[in-house]
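# Overview (structure and organization)
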Amino acid sequence: MAEEIVFEYCFFLKHLEQGFRADLCSWDWQRKFRLPKGGTAITAKIKADHGWQPSGAMVESGATYQCSASGTWQISKDTKGTSAEGGEGGGGRLMAAIMTNEGGKNYQLADPFELGAKTKFTAGTDGKLYLRCQDKWGELADNKGTVTVKIKLSKGG
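Figured I'd write up the structure that's included with this text. Note that the structure is predicted; figures quoted are calculated from it, not measured.

Conventions and cut-offs
Residues numbered from 1 in each chain as written. Predicted model: local features only at pLDDT ≥ 70, side-chain atom pairs only at ≥ 80, totals over all residues. Heavy atoms only, no water. Helix = DSSP H or I, 4+ residues; strand = E, 2+ residues; numbered from the N terminus. Rg over C-alpha atoms; globule rule 2.2 N^0.38 Å. Buried < 20%, exposed > 50% of the residue type's maximum accessible area, 1.4 Å probe, protein only. Contact = heavy atoms within 4.5 Å. Areas by Shrake-Rupley, 256 points an atom, 1.4 Å probe, with all protein chains shown as cover. Lys, Arg positive; Asp, Glu negative; His and termini not counted. Charge placed at Lys NZ, Arg CZ, Asp CG, Glu CD. Salt bridge = Lys/Arg side-chain N within 4 Å of Asp/Glu carboxyl O. Expected span 1.5 Å × (residues − 1). Arc of directions from axis to C-beta. Core = buried A, V, L, I, M, F, W, Y, C linked by side-chain atoms within 4.5 Å. Pairing = 2+ DSSP bridges. Phe/Tyr/Trp six-rings, centres within 6.5 Å; stacked < 30°, edge-to-face > 60°. Lys NZ or Arg CZ within 6 Å of the ring centre and 35° of its normal.

Turning next to the overall build of the protein. Across its full length, the protein carries two helices and 10 strands. Reading the protein from its N end, one meets helices and strands in the order α-α-β-β-β-β-β-β-β-β-β-β. Taken against the 2.2 N^0.38 rule, which gives 15 Å for 157 residues, the C-alpha radius of gyration of the protein at 15 Å falls within 12% of a compact globule. The burial tally for the protein puts 40% of its 157 residues in the buried class. Counting contacts in the protein only where the partners sit at least 6 residues apart, residues at least 24 apart contribute 71% of the total. On the protein, roughly 8700 Å² of surface is accessible, and the fraction owed to carbon and sulfur atoms is 49%. Charge centroids of the protein, computed over 21 positive and 18 negative side chains, lie 9 Å from each other.

In structure tokens, the structure reads:
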């Protein structure tokens with residue numbers, strides 16, 4: 001648990017800005033992860049007003065995965081709801097990052113990458129897939145909505 005606390009504290013320091021809420025950016029360490037097998041999808045509900053959330057999917061370096069997201073969310077009271085594709089400037093787009101243990105170090109978050117509503121991606125490293133709605137860390141509190149994300153191993157991948 002000490003490694004989780006250190007990781008979360010360092011993450012907090014890196015992303016601290018006006019409006020940042022630790023309760024919305026805390027990490028869920030309880031979710032179980034597994035590798036998608038065959039055509040079976042792993043499903044996660046991702047809230048627009050939270051930071052990185054566990055998808056439940058483990059990914060393997062070099063493997064290709066299909067991702068589809070349904071539902072809408074909004075990133076402020078003044079914006080219309082959008083799909084996981086997001087709006088102008090990328091706000092509201094579904095984002096992903098892989099929590100890896102490269103070099104034997106646990107709790108290393110790889111660079112985030114865009115997913116959107118329907119896409120394929122090839123994992124750059126082994127690890128646990130985390131998802132979030134693209135918005136500034138200090139502006140999550142006024143976000144609303146949830147998208148349901150399905151991740152499965154791509155045929156031939």
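With that settled, the discussion passes to the pattern of salt bridges. Across all of its chains, the model carries three salt bridges by this definition. Close ionic contact of Arg-21 with Asp-23 constitutes a salt bridge, the shortest N to O distance being 2.6 Å. Taking the relative accessible area as the measure of exposure, Arg-21 reaches 37% and is therefore partly exposed. Residue Asp-23 is classed as partly exposed on the basis of its relative accessible area, which comes to 45%. Between Glu-114 and Arg-93 there is a salt bridge whose closest N-O contact spans 3.2 Å. Of this pair, Glu-114 sits in strand 7 (residues 113–114) while Arg-93 sits in the loop between strand 4 (73–74) and strand 5 (94–100); the two residues are 21 residues apart in sequence, bridging distant segments of the chain.

Moving on, we get to helix 1 (residues 2–15). Taking 1.5 Å per residue as the helical rise, helix 1 with its 14 residues ought to reach 20 Å, and the 20 Å between its terminal C-alpha atoms agrees with that figure. All of the buried residues in helix 1 are Glu-4, Phe-7, Phe-11 and His-15. Projected down its long axis, helix 1 shows its buried positions confined to an angular sector of 65°, all on one face. Pointing more than 90 degrees away from the buried face of helix 1 are the exposed residues Ala-2 and Ile-5. Buried residues along helix 1 sit in contact with strand 5 and strand 6 (108–109).

Buried together is how nonpolar side chains tend to be arranged in soluble globular proteins. With 25 residues, the main nonpolar core has Leu-94, Leu-129, Leu-131, Val-149 and Ile-151 as its most contacted residues. The set of elements that each furnish at least two residues to this core consists of strand 1 (42–47), strand 2 (53–59), strand 3 (64–70), strand 5, strand 9 (127–133) and strand 10 (144–153).

What follows covers the pairing of strand 3. Only one face of strand 3 is covered, namely the one carrying Tyr-65, Cys-67 and Ala-69; the face carrying Thr-64, Gln-66, Ser-68 and Ser-70 has none of its residues buried. Of the strand pairs in this sheet, strand 3 and strand 8 (residues 118–122) are connected by five bridges, and their pairing is antiparallel. Paired with Ser-68 across the bridge in strand 8 is Lys-118. The pairing of strand 3 with strand 10 spans six bridges and is classified as antiparallel.

Once that is clear, we can look at the packing of aromatic side chains. Tallied over the full model, the rule gives 14 aromatic pairs. Every member of this aromatic cluster is reached through a ring pair, and the members are Phe-7, Phe-11, Trp-27, Trp-29, Phe-33, Tyr-107, Tyr-130 and Trp-137. Lying over the aromatic face of Trp-52, Arg-132 brings its terminal NZ or CZ to 5.7 Å of the ring centre. The ring of Trp-137 has Arg-132 sitting right over it, with the charged end atom 3.8 Å from the ring centre.

Structural measurements only, silent on function.
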